[in-house]
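Here is how the chains run, residue by residue.
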Amino acid sequence: TGSICMVPWMLSSMYGSKKITTRIFIICIAALLFSAVFDGFDSANRDQEMWTINEVIALILLLSSYLLSIVMMNYSKEKEDELRESIIAKYTLEEALKRDPLTGLYNHTEFYRYLETILDLVGTTVKTVSLVVIDIDNFKRC
């Protein structure tokens, strides 16, 4: 009886919402209790011990799937945070490699990469290009 509630519950945990998963868990427990009360009226046709075992098994399945969903969502959140930090670190490193540490300006390699990009645009979207290059001797002594 209670195991049918695991389908929407697992779907909600796939989207990573603990709030929705908890609400579905509460609804499933309420449905299980309602089912237990409803089946209790029809206990003349069924063995009372079997009814209790079925309901306990359904409760254990619901609780274990809820706990598993929470663990999976926490793990997914941790991996997502690690990925985000990795992307930020990669971007920071790439930017540091493009710039001269003393001046903060783009370095030699990045200058030529940018110049090539601009020259490729000449004639399509950019009509004219001007380039000014200043060579400062002994810059580091200044």
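I will try to describe carefully the structure that is included in this document. (Residues numbered from 1 in each chain as written. Predicted model: local features only at pLDDT ≥ 70, side-chain atom pairs only at ≥ 80, totals over all residues. Heavy atoms only, no water.)

1. As for the pattern of salt bridges
Reasoning step 1: Overall, the coordinates contain eight salt bridges when judged by the stated rule.
Reasoning step 2: Linking aspartate 81 and lysine 77 is a salt bridge whose minimum nitrogen-to-oxygen distance equals 3.2 Å. With aspartate 81 and lysine 77 both in helix H3 (residues 48–98), this residue pair falls four residues apart, about one helical turn.
Reasoning step 3: The salt bridge partner of glutamate 110 is arginine 113, with a shortest N-O separation of 2.7 Å. With glutamate 110 and arginine 113 both in helix H4 (residues 108–121), this residue pair falls three residues apart, about one helical turn.
Reasoning step 4: Residue glutamate 110 is classed as buried on the basis of its relative accessible area of 12%. (Salt bridge = Lys/Arg side-chain N within 4 Å of Asp/Glu carboxyl O. Helix = DSSP H or I, 4+ residues; strand = E, 2+ residues; numbered from the N terminus. Buried < 20%, exposed > 50% of the residue type's maximum accessible area, 1.4 Å probe, protein only.)

2. With respect to the packing of aromatic side chains
Between two aromatic rings, the relevant description is the distance of the centres plus the angle of the planes.
Reasoning step 1: Overall, the coordinates contain two aromatic pairs when judged by the stated rule.
Reasoning step 2: Plain terms: the ring middles of phenylalanine 25 and tyrosine 66 are 4.4 Å apart, the flat faces sit at 20° to each other, and that makes the pair stacked. Placement of phenylalanine 25 in helix H2 (residues 18–41) and of tyrosine 66 in helix H3 is noted, with a sequence separation of 41 residues between them.
Reasoning step 3: Plain terms: the ring middles of phenylalanine 111 and tyrosine 112 are 5.1 Å apart, the flat faces sit at 75° to each other, and that makes the pair edge-to-face.
Reasoning step 4: Residue placement shows arginine 99 over the ring face of tyrosine 106; its charged tip is 4.3 Å from the ring centre. (Phe/Tyr/Trp six-rings, centres within 6.5 Å; stacked < 30°, edge-to-face > 60°. Lys NZ or Arg CZ within 6 Å of the ring centre and 35° of its normal.)

3. A short note on the environment of methionine 14
Reasoning step 1: Within the secondary structure layout, methionine 14 lies in helix H1 (residues 6–14).
Reasoning step 2: Separated by 59 residues in the primary sequence, methionine 14 and methionine 73 have C-alpha atoms spaced 7.9 Å apart.

4. So, the nonpolar core
Reasoning step 1: Grouped together as the largest cluster of nonpolar side chains are 10 residues: Ile24, Phe25, Cys28, Ile29, Leu32, Ala58, Leu62, Tyr66, Ile70 and Met73.
Reasoning step 2: If you list the elements that add at least two residues to this core, you get H2 and H3.
Reasoning step 3: Those residues in contact with isoleucine 29 that lie beyond four places of it in its chain are Leu59 and Leu62. (Core = buried A, V, L, I, M, F, W, Y, C linked by side-chain atoms within 4.5 Å. Contact = heavy atoms within 4.5 Å.)

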